[in-house]
Amino acid sequence: MLPVDPNKKLSFTRSICDGDLVIVYERHDNMKALKVCKDSVLQNRFGVFKHSDWIGKPFGTKVFSNKGGFIYLLAPTPELWTLVLSHRTQILYIADISLVIMYLEIVPGCLVLESGTGSGSLTTSLARAVAPTGHVYTFDFHEQRAASAREDFEKTGLSSLVTVGVRDIQGQGFPDELSGFADSVFLDLPQPWLAIPSAEKTLKPDGVLCSFSPCIEQVQRACDTLRSNFTDIRIFEVLLRTYEVREGKRDCGEADGGNLGSLPCKRRQRSSEGHTAHDNLSYPTVMARPCSEAKGHTGYLTFARLKCLS
């Protein structure tokens, strides 16, 4: 997911190799992650694709099957991984993730703590944000979920940037050895107010905490706990509205009240027989409209900054 050269610089120019993870893109709502094996094949409705034909090609390549069908081979970025990963829990999606990384002020070299790991959707984006010299410590109380997440991070090449621990953060708090070292803390817990005192100990002065909660009652109780030693408390709810953009044709005879405005309409001259004919020509245009399925409420994001004690 994050190819790194010997000088610890990120590089996205290398070609696909045997054993690499790729995202097979059939269409925007049909993608899957596959490990490249030179003796394997992918068979779908578009035909048979040999993995051996993929090796040596750059990410983003369009490859063809024996029937002439095609797919795209994409690099497993955190954005795409969020769309194809196995859901062990409810996950955070790109709109919430982007706001979390921005308001937690995460940059390369940061040390970030997360609880709980869940399916690892946010963790992969955190790892990219701190790469190549930072680190993410993520904890989940469920041992099997933590093991599955660890396997995913190995698969995506993030194991050097992420440490997965099994721990009940609500009951035990974060490990003492991390006290005072964290630049940012993220909590996705049913009772975040129980973990806030421990998160406070791990944060550096002026460090930022974020808590994700689906219910406003959780937010209110967490804010009551934050008020004593945190400042700049902010709460966000991200409501994303996406649009479909398509190229199409519009008849000149359509009503002038459309979203795209009126288009000129040519009329043929009156024929010698006395009939009037309209030439309803079609004009190519780009049309945008809201998607029929709009995502609603996912959760509330509460941000707070640790006070600097003089």
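Being a predicted model, the structure only gives us computed values, none of them experimental. (Residues numbered from 1 in each chain as written. Predicted model: local features only at pLDDT ≥ 70, side-chain atom pairs only at ≥ 80, totals over all residues. Heavy atoms only, no water.)

**Brief notes about helix α7 (residues 216–226)**
Part 1: Listing the buried residues of α7 in full gives Gln218, Val219, Ala222, Cys223 and Leu226. Seen end-on, α7 carries its buried residues on one side only, within an arc spanning 130°.
Part 2: Each element contacted by the buried residues of α7 is listed here: α6 (196–202), β11 (203–213), β12 (230–236) and β15 (300–306). (Buried < 20%, exposed > 50% of the residue type's maximum accessible area, 1.4 Å probe, protein only. Helix = DSSP H or I, 4+ residues; strand = E, 2+ residues; numbered from the N terminus. Arc of directions from axis to C-beta. Contact = heavy atoms within 4.5 Å.)

**Re the sheet that holds strand β1 (residues 21–27)**
Part 1: With antiparallel pairing, the four strands of this open sheet are ordered in space as β2-β1-β6-β5. Two strands in the sheet have a free side with no partner beyond their single neighbour: β2 (30–35) and β5 (61–64). With direction set aside, neighbouring strand axes in the sheet form an average angle of 30°.
Part 2: The pairing of β1 with strand β6 (residues 70–74) spans three bridges and is classified as antiparallel. Its bridge partner lying in β6, Val24 is registered against Leu73. (Pairing = 2+ DSSP bridges. Axes fitted to C-alpha atoms, helices over the stretch in contact; angles between N-to-C directions.)

**Regarding the pairing of strand β3 (residues 41–44)**
Part 1: Residue alternation in β3 divides its side chains into a buried set, Leu42 and Asn44, and an unburied set, Val41 and Gln43.
Part 2: Sheet topology note: the β3/strand β4 (residues 47–50) ladder contains four bridges and is antiparallel. The partner of Gln43 across the bridge, within β4, is Val48.
Part 3: Hairpin connection between β3 and β4: a loop of two residues separates the two successive antiparallel strands.

**Focus: helix α3 (residues 121–130)**
Part 1: The element α3 is largely enclosed, with a buried count of nine among its 10 residues.
Part 2: If you check which residues of α3 are buried, you get Ser121, Leu122, Thr123, Thr124, Ser125, Leu126, Ala127, Ala129 and Val130.

**Here we look at the pairing of β1**
Part 1: Along β1, five of the seven residues are buried, which leaves the element largely enclosed by surrounding structure.
Part 2: Judged from the six bridges that link them, β1 and β2 form a sheet pairing that is antiparallel. What sits directly across from Leu21, in β2, is Lys35.
Part 3: Connecting β1 to the antiparallel partner β2 that follows it, the hairpin turn spans two residues.

**Details of the UniProt feature "binding site: S-adenosyl-L-methionine" (unreviewed entry) in the protein chain**
Part 1: The sites that carry the UniProt feature "binding site: S-adenosyl-L-methionine" (unreviewed entry) are, in the present numbering, Ser119, Gly120, Ser121, Leu122, Asp140, Asp168 and Asp188.
Part 2: Counting through the fold element by element, Gly120 comes out in the loop between β7 (111–115) and α3.
Part 3: With relative accessibility at 2%, the residue Gly120 sits in the buried group.
Part 4: Note on placement: Asp168 falls in the loop between β9 (162–166) and α5 (169–172).
Part 5: Of the residues examined, Asp168 reaches a relative accessible area of 36% and is grouped as partly exposed.
Part 6: Setting aside residues no more than four positions away along its own chain, Asp168 makes contact with Phe141 and Gly173. (UniProt positions renumbered as here; feature names shortened; annotations may be inferred.)

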